Amino acid sequence: MISISNNAFAAIAAMFSLLFIFSSMQCHAQLSSTFYDGTCPNALNTIRTSVRQAVSRERRMAASLIRLHFHDCFVQGCDASILLDETPTIVSEKTALPNLGSARGYGIIEDAKRELEKTCPGIVSCADILAVAARDASTLVGGPTWAVKLGRRDSTTASHTLAETDLPGPFDPLNRLISSFASKGLSTRDMVALSGAHSIGQAQCFLFRDRIYGNATDIDAGFASTRRRQCPKEDQNGNLAPLDLVTPNQLDNNYFKNLRQRKGLLQSDQVLLSGGSTDSIVSEYSNSPRAFASDFAAAMIRMGDISPITGQNGIIRTVCGSLN
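The structure presented is a predicted model; accordingly, all values stated were derived computationally and were not measured.

An account of unusual backbone geometry is requested, with residue identities and associated values reported.
Positioned with a positive phi, Gln76 is a non-glycine residue whose angle comes to about 70°. Note on placement: Gln76 falls in the loop between helix 3 (61–73) and helix 4 (106–119). Residue Arg262 is not a glycine yet carries a positive backbone phi of 60°. Tracing the sequence through the fold places Arg262 in the loop between helix 11 (254–260) and helix 12 (267–270).

An account of the state of the cysteines is needed here, citing residue identities and associated values.
Note: disulfide means a covalent bond formed between the sulfur atoms of two cysteine side chains. What the rule picks out here adds up to 4 disulfides. The disulfide partner of Cys73 is Cys78, and the S-S distance across this bridge is 2.0 Å. A torsion of 120° about the S-S bond marks the disulfide between Cys73 and Cys78 as right-handed. Just as Cys73 is buried, Cys78 falls in that class too. Disulfide pairing places Cys205 opposite Cys231 at an S-S distance of 1.8 Å. With the S-S bond torsion at 75°, the cross-link from Cys205 to Cys231 turns out right-handed. Taken as a pair, Cys205 in helix 9 (residues 205–213) and Cys231 in the loop between helix 10 (221–228) and strand 2 (240–242) lie far apart in primary sequence, 26 residues in all. You can call Cys205 buried: its relative accessible area is 0%. In the chain, numbering the disulfide-bonded cysteines from first to last in sequence yields the connectivity 1-4, 2-3, 5-8, 6-7.

Which residues make up helix 7 (residues 174–182), and what are the values?
Residues of helix 7 that are buried: Leu174, Leu177, Ser180 and Phe181. Summarising the axial view, the buried residues of helix 7 lie within an arc of 130°, below the 170-degree limit, and thus occupy one face. For helix 7, the elements touching its buried residues are helix 3, helix 8 (188–195) and helix 12.

Give a detailed account of helix 3, specifying residues and quantitative values.
Taking 1.5 Å per residue, 13 residues should reach 18 Å; helix 3 reaches 19 Å between its end C-alpha atoms and fits that length. The complete set of buried residues in helix 3 reads Met61, Ala62, Ala63, Ser64, Leu65, Ile66, Leu68, His69, Phe70, His71, Asp72 and Cys73. Where helix 3 is buried, its residues meet helix 2 (43–57), helix 4, helix 5 (126–140), helix 7 and helix 14 (289–304).

So what's going on with the environment of Arg176? Which residues, and what values?
Position of Arg176 among the secondary structure elements: in helix 7. For Arg176, a relative accessible area of 48% translates into the label partly exposed. Here the alpha-carbon distance between Arg176 and Ser268, two residues 92 residues apart in the chain, equals 9.9 Å.

Please set out the pattern of salt bridges residue by residue, giving values where relevant.
By the definition in use, this model includes 15 salt bridges. Linking Lys94 and Asp85 is a salt bridge whose minimum nitrogen-to-oxygen distance equals 2.5 Å. In the salt-bridge network here, residues are joined through shared partners; they are Arg48, Arg135 and Asp136.

Can you lay out the side chain of Arg135 for me, pointing to particular residues and giving the numbers?
In this fold, Arg135 is placed in helix 5. According to the relative accessible area criterion, Arg135 is buried, its value standing at 8%.

An account of the packing of aromatic side chains is requested, with residue identities and associated values reported.
Under the counting rule described, the total for this entry stands at 10 aromatic pairs. Note on Phe35 and Tyr36: the rings are 5.0 Å apart at their centroids and 90° apart in plane angle, and the pair reads as edge-to-face. Take Phe35: its relative accessible area is 43%, and that puts it in the partly exposed class. Arranged with centres 6.1 Å apart and planes meeting at 75°, the rings of Trp146 and Phe296 form a pair that is edge-to-face. Of this pair, Trp146 sits in the loop between helix 5 and helix 6 (160–165) while Phe296 sits in helix 14, and the two are 150 residues apart along the sequence. Judged by its relative accessible area of 8%, Trp146 falls in the buried class. Chaining the aromatic ring pairs together yields one cluster made of Trp146, Tyr255, Phe256, Tyr285, Phe292 and Phe296.

Just give me the short version of the nonpolar core, but keep the residues and values in it.
Ranked by size, the top nonpolar core spans 73 residues in total, and within it Leu83, Ile109, Leu272 and Met303 carry the most contacts. Top contributing element to this core by residue count: helix 5, with 9 residues. Ala203, Phe208, Ile212 and Leu265 belong to the second-largest nonpolar core, a separate cluster that totals 13 residues.

Conventions adopted
- Residues numbered from 1 in each chain as written.
- Predicted model: local features only at pLDDT ≥ 70, side-chain atom pairs only at ≥ 80, totals over all residues.
- Heavy atoms only, no water.
- Helix = DSSP H or I, 4+ residues; strand = E, 2+ residues; numbered from the N terminus.
- Disulfide = S-S within 2.5 Å.
- Buried < 20%, exposed > 50% of the residue type's maximum accessible area, 1.4 Å probe, protein only.
- Arc of directions from axis to C-beta.
- Contact = heavy atoms within 4.5 Å.
- Expected span 1.5 Å × (residues − 1).
- Salt bridge = Lys/Arg side-chain N within 4 Å of Asp/Glu carboxyl O.
- Phe/Tyr/Trp six-rings, centres within 6.5 Å; stacked < 30°, edge-to-face > 60°.
- Core = buried A, V, L, I, M, F, W, Y, C linked by side-chain atoms within 4.5 Å.

Here's what the structure looks like:
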């Protein structure tokens, strides 16, 4: 039998205790709304200034920035992988079908990053800028605000493949939408609330053409006729239509009121009110702006928690579109 002195035993126990604490810290790395208070106290103001300038130039950019954060988080987690440009070693997510020709706002994030690098170089991640920009975009168009949790780091990889498979699509049926969000740890209620971001923004003609020419029973005839004016049966695929005809530049609960009138522009919008499990949530949000605003904010926070890179993992990119 090997004899171990009391001092040696105590030293070993202390070592294992430290390892356990370190392991726990690694496993439970928490994002925090005060993450940059000491290292870059003006970070949030700097980002807000860039977003405010962009949205004042083009109101639609608010929708684009919220969508950019969403498309980032659903692919590899909230790691700014969507911002990486094509290189010999990186197949960019920007060229994946859900992003190609429609994802916008990259330059706004780069503008904010450039300003941050002047005052606190190497501190604020591009992933965090995306999260803050989405929140600021919401408030600038009348939507809710929330405390953004910070401390994400940036990925060194992108996944064109996952961008093609993991993002919900405009033609998805309800069960697929629910399972897509569930696979990211988001509830059905989160899914409906986040869909309310379609209260702002626009969609390209080819994404809703089948819906407005299909003579289905789940679309208002007058609404379909109106949309056909700018979306012919053939060609002009890129013609844009507002996702919400009534208040297209205001993040509000009107999107849900539209669904009750069978005026959802995309098929994936209208399926939220189609005799299924989400009907009651749509009705609740259409009746209560406060319930929608509260749930949208909470769902955006939860979405921002999808698989963040923290601690010593990943990097802080100097330029969001490329590796250091």
